[in-house]
Amino acid sequence: MIKENLLSIENLHANIGNKCIINGLNLSINKGEIHVIMGKNGSGKSTLAKVIAGHPNYKVTKGKIIFDHNDITNDEVNIRSHKGIFLAFQYPIEIPGVSNIDFLRLAYNAKQKASLKSELDPLSFFDLINQKLNEIDMDPIFLSRDVNEGFSGGEKKKNEILQMSLLNSKLSILDEIDSGLDIDALKNIANNINNFINKEVSILLITHYQRLLDYITPNYVHIMSHGKIVYTGDKETAINIEKYGYDYIEQV
């Protein structure tokens, strides 16, 4: 069965200020696939996530980002989001004064409007978001609290997964979604990722650790170094890095 390509990154170079962070990176993700990116600190993993999502502080100086057969290299971040790219932040920010349910409804309706679909009134949205809460086993009390304010690390990460589930994007980029989680929270997050994936959507996981892959089986594991992918393998790659460190890559 031939899979349909969702994301194709070709010879990508990207700077922040005058510093080159992404340096000739190539990556291809098909629909229905889970890809993992690993690498040492400073290898460019989080920068790649932000560049794909369209963070304005990063400038693409060379190469292309093709998403769902469209060139999005120069698209604004909101356009990319509406086209189906979601980024879960490594460090989700707190937004005092904005309730979680208002934030989620505005985000959902903005995407509905961009897709020329009907927006939901507060009552209809409340029914939808409660269904999503049940699916990820999240306490409804978090809806009335301000976005991420006073949330624990695990609660913030679960809130990112709630957004992912609600927006149902074609490509979800999860930047260190496993950091700071205890084992129960890790299993919960992994279970929700497994339930979310289907033949039409893809996930790009960025992580330092193999432990998340005890519960998720990726199609590919990519190793980044100095701003580009230097090796691609499978789940065993992550296991061997856990055992031997990144020097393992130089020996294969």
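Basis of the calculations
Residues numbered from 1 in each chain as written. Predicted model: local features only at pLDDT ≥ 70, side-chain atom pairs only at ≥ 80, totals over all residues. Heavy atoms only, no water. Helix = DSSP H or I, 4+ residues; strand = E, 2+ residues; numbered from the N terminus. Contact = heavy atoms within 4.5 Å. Core = buried A, V, L, I, M, F, W, Y, C linked by side-chain atoms within 4.5 Å. Buried < 20%, exposed > 50% of the residue type's maximum accessible area, 1.4 Å probe, protein only. Salt bridge = Lys/Arg side-chain N within 4 Å of Asp/Glu carboxyl O. Pairing = 2+ DSSP bridges. Axes fitted to C-alpha atoms, helices over the stretch in contact; angles between N-to-C directions. Phe/Tyr/Trp six-rings, centres within 6.5 Å; stacked < 30°, edge-to-face > 60°.

Enquirer: Could you clarify how one ought to interpret the environment of phenylalanine 103 in this entry?
Expert: Along the chain, the position of phenylalanine 103 falls in helix H3 (residues 100–114). Once the C-alpha coordinates of phenylalanine 103 and alanine 238 are considered, the two residues, 135 residues apart in sequence, prove to be 36 Å apart. For phenylalanine 103, the residues in contact, after removing those within four places along its chain, are Ile95, Val98, Val147 and Gln163.

Enquirer: Sorry if this is basic, but what is going on with the nonpolar core here?
Expert: The tendency in soluble globular proteins is for nonpolar side chains to be buried as a group. Ranked by size, the top nonpolar core spans 42 residues in total, and within it Ile161, Leu174, Ile177, Ile193 and Leu205 carry the most contacts. With near-sequence residues (within four places) excluded, leucine 174 lies in contact with Phe86, Ala88, Ile161, Met164, Ile193, Ile203, Leu204, Leu205 and Ile206. Residues Ala14, Ile52, Ile65 and Leu87 belong to the second largest nonpolar core, which totals 27 residues.

Enquirer: Explain the pattern of salt bridges here, please?
Expert: Pairing between side chains of opposite charge can happen when their charged atoms approach one another. Counted by the stated rule, this structure contains 7 salt bridges. Note that lysine 31 and aspartate 68 form a salt bridge whose closest N and O atoms lie 3.9 Å from each other. Here the residue lysine 31 occupies a position in the loop between strand E2 (19–30) and strand E3 (34–39), and aspartate 68 occupies one in the loop between strand E4 (58–67) and strand E5 (70–71), the gap between them amounting to 37 residues. A relative accessible area of 14% places lysine 31 in the buried class. By relative accessible area, aspartate 68 is classed as buried at 14%. Glutamate 94 is paired through a salt bridge with lysine 156; the nearest N and O atoms lie 3.5 Å apart. Taken together, the residues span a long stretch of sequence, with glutamate 94 in the loop between strand E6 (85–88) and strand E7 (95–99) and lysine 156 in helix H5 (residues 153–167) at a distance of 62 residues.

Enquirer: Please explain the sheet that holds E4 as it appears in this structure.
Expert: The 4 strands lie next to each other as E2-E1-E4-E5, forming an open sheet whose pairing is antiparallel. Looking along the sheet, the strands with just one partner apiece sit at the ends: E2 and E5.

Enquirer: Could you clarify how one ought to interpret the sheet that holds strand E10 (residues 202–206) in this entry?
Expert: Two orientations exist for strands paired in a sheet by backbone hydrogen bonds: parallel and antiparallel. Reading across from one edge, E6-E9-E10-E3-E11-E12 is the order of the 6 strands in this open sheet, with mixed pairing throughout. Of all strands in the sheet, those with a lone pairing partner are E6 and strand E12 (228–233), marking the two edges. Each strand of the sheet is rotated relative to its neighbour by a mean of 20 degrees, with strand direction disregarded. One ladder, built from 5 bridges, connects strand E9 (residues 171–175) with E10; its direction is parallel. Paired with leucine 174 across the strands is leucine 205, a residue of E10. Each of E3, E6, E9, E10 and strand E11 (220–225) touches helix H1 (residues 45–53); the most contacted strand, E6, lies at about 145 degrees to it.

Enquirer: Where do I start with the environment of aspartate 234 in this structure?
Expert: Mapped onto the fold, aspartate 234 is located in the loop between E12 and helix H7 (235–244). C-alpha separation for the pair aspartate 234 and tyrosine 220, spaced 14 residues apart in sequence, amounts to 4.8 Å.

Enquirer: Mind showing me how you'd approach the packing of aromatic side chains here?
Expert: We describe a pair of aromatic rings using the distance from one ring centre to the other and the angle between the two ring planes. Within the structure shown, the criterion is met by 2 aromatic pairs. Ring geometry for tyrosine 108 and phenylalanine 125: centres 5.9 Å apart, planes at 50 degrees, overall tilted. In this pair, tyrosine 108 sits in helix H3 while phenylalanine 125 sits in helix H4 (residues 122–136), placing the two residues 17 residues apart along the sequence. The burial state of tyrosine 108 is the same as that of phenylalanine 125; both residues are buried. Seen in terms of ring centroids, phenylalanine 142 and phenylalanine 151 are 5.0 Å apart; in terms of plane orientation they differ by 70 degrees. Their pairing is edge-to-face.

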